[in-house]
Amino acid sequence: MTDCDLCGRALPSVIPVRVFRSRLKFAYPEGVWKGLCESCLDSAQETYLSINKDEISCRRNKCVLCGKKGRVYPVEIQIPDFSKGVVKRKVNVCTKCLDSINETYIRFKREQIESSACEHGHGYVHEH
């Protein structure tokens, strides 16, 4: 079991997203991996699609994924709660991490489509 790095939900597996932590850039120049559940990945993708790239965020805080201080965007996450069911909260994510999430989202959805096509017998090339 592993935990989602945004909502903390314990899952058998999470979706790896590469982030670049400025404090670790010399030790890990290729970035480090954070794990997101599908719900958090979808929510972060919605935020990525809704932000205007030309417009600068007026929110200044620390990114929850890479720790970088600066301009961030709110991502709504759903935290499981035994007494309330689900608690919605917003966490701050920087543009660079949102870009990385977008790349991961596209790759993840493509893999889902390919695997479902293979399971249903579609997508095979028949040679004659």
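Structure report, in brief. What you see as residue numbers is a count from 1 along each chain, following the sequence as written. Side-chain atom pairs in this predicted model are given and counted only at pLDDT of 80 or more, local residue features only at pLDDT of at least 70, and totals for whole chains, interfaces and linings cover all residues. The basis for every side-chain value is the complete set of non-hydrogen atoms in the structure, without hydrogens or water.

What follows concerns helix α1 (residues 38-50). Each helix is a run of DSSP H or I of at least 4 residues and each strand a run of E of at least 2, with the numbering of both proceeding from the N terminus. An expected span of 1.5 Å times one less than the residue number is assigned to each helix. For α1, built from 13 residues, the straight-helix expectation of 18 Å at 1.5 Å per residue is met to within 8% by its first-to-last C-alpha distance of 18 Å. Exposure categories follow from relative accessible area, calculated using a 1.4 Å probe and restricted to protein chains: below 20% of the type maximum is buried, above 50% is exposed, and the middle band is partly exposed. The set of residues buried in α1 consists of Cys40, Leu41, Ser43, Ala44, Gln45, Thr47 and Tyr48.

Within the secondary structure, Thr104 sits in helix α2 (residues 95-119). Owing to a relative accessible area of 3%, Thr104 belongs among the buried residues under this scheme. By definition, residues are in contact when any of their heavy atoms lie within 4.5 Å. The residues contacting Thr104, other than those within four sequence positions of it, are Ile15, Pro16, Val17 and Leu41.

To continue, consider the nonpolar core. For the purposes of this section, nonpolar cores are sets of buried Ala, Val, Leu, Ile, Met, Phe, Trp, Tyr and Cys residues that join through side-chain atoms within 4.5 Å. Counting residues in each nonpolar core, the largest one holds 30 residues, and the members touching the most others are Leu65, Val93, Leu98 and Ile101. Only β3 (15-19), β4 (32-36), α1, β6 (69-81), β7 (85-94) and α2 provide two or more residues apiece to this core. Per-element accounting of this core gives the leading share, five residues, to β6. Excluding residues that lie within four positions of it along the chain, Ile101 makes contacts with Val17, Leu36, Leu41, Ala44, Gln45, Leu65 and Val93.

In this structure, Ala10 sits in strand β2 (residues 10-11). Those residues in contact with Ala10, other than ones at most four positions away along the chain, are Met1, Thr2 and Asp3.

In what follows, salt bridge is the name for a side-chain nitrogen of Lys or Arg lying within 4 Å of a carboxyl oxygen of Asp or Glu. Evaluation of the coordinates by the stated rule reveals two salt bridges. Taking the shortest distance from any N to any O, the salt bridge between Glu38 and Lys109 comes out at 3.3 Å. Placement of the pair is Glu38 in helix α1 and Lys109 in helix α2, with a sequence separation of 71 residues. Since its relative accessible area comes to 22%, Lys109 is described here as partly exposed. Ionic contacts of the salt-bridge type, sharing partners, join the residues Glu38, Asp42 and Lys109 into one network.

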